[in-house]
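# Summary of the model geometry
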Amino acid sequence: MARVLLTGMSGVGKTTVLGELRRRGFRTVDTDYGGWELPDGTWDEHRMSGLLARHRELVVSGTVDNQVRFYHRFQHIVLLSAPLEVLLRRVAHRSNPYGRTPEQRAEIARYVHTVEPLLRRGATVELDGRREVSELADAVESLVREVC
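Before going into details, it helps to say that this report is about the structure given with it.

Conventions used here
Residues numbered from 1 in each chain as written. Predicted model: local features only at pLDDT ≥ 70, side-chain atom pairs only at ≥ 80, totals over all residues. Heavy atoms only, no water. Pairing = 2+ DSSP bridges. Helix = DSSP H or I, 4+ residues; strand = E, 2+ residues; numbered from the N terminus. Axes fitted to C-alpha atoms, helices over the stretch in contact; angles between N-to-C directions. Buried < 20%, exposed > 50% of the residue type's maximum accessible area, 1.4 Å probe, protein only. Arc of directions from axis to C-beta. Contact = heavy atoms within 4.5 Å. Polar contact = N/O pair within 3.5 Å; in protein donor to acceptor, adjacent residues only side chain to side chain.

One open sheet accounts for 5 strands, arranged E2-E3-E1-E4-E5; its pairing is parallel. With one partner strand each, in any of the chains shown, strand E2 (28–30) and strand E5 (125–128) form the two edges of the open sheet. In this sheet, adjacent strand axes meet at a mean angle of 20 degrees when their direction is disregarded. Sheet topology places strand E4 (residues 76–81) next to E5; 4 bridges connect them, and they run parallel.

What follows covers helix H2 (residues 45–54). Listed in full, the buried residues belonging to H2 are Met-48, Leu-51 and Leu-52. Here the buried residues of H2 occupy an arc of 95 degrees about the axis, which is enough to place them on one side. Turned more than 90 degrees off the buried face of H2, the exposed positions are His-46, Ala-53 and Arg-54. Residues of H2 that are buried make contact with strand E1 (3–8), E2 and strand E3 (58–61).

Moving on: the side chain of Thr-31. Mapped onto the elements, Thr-31 comes out in the loop between E2 and H2. A distance of 2.9 Å separates the side chain of Thr-31 from the side chain of Trp-43, its partner in a polar contact. When near neighbours in sequence (up to four residues on either side) are disregarded, Thr-31 contacts Trp-36, Glu-37, Trp-43, Met-48, Val-60, Ser-61 and Gly-62.

Given below as structure tokens:
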């Protein structure tokens with residue numbers, strides 16, 4: 001069994017894929033919710049360390065500045081990616097309000113050009129976020145079920 005980090009830009013489908021994995025019975029943590037992020041937008045490192053120490057099978061989703069400090073604790077870093085037009089369309093219609101203002105949409109566009117390449121360099125797997133949710137969840141599930 002393995003720990004997997006699911007990362008990518010806003011609107012790529014991390015929360016949706018995580019929800020499908022949770023429905024399938026996997027332990028999941030969406031770090032956008034539940035106090036995992038500190039006010040500066042980084043993970044609470046003490047809390048994340050504790051989580052990773054307790055669970056060998058786990059899927060965590062998030063995209064924060066200090067996630068790279070935890071890469072060695074995951075067997076796979078999965079980057080979900082999609083074209084900017086797809087991301088902007090999705091954030092306009094989701095329940096999470098981030099991405100609805102012109103400033104936030106510009107920020108997402110900027111991050112696609114500046115942050116996503118960094119995520120790509122650290123990823124062990126990249127998946128096209130335009131694929132069906134069930135296909136994406138199948139791919140992540142196979143990574144979690146790998147014998148390490």
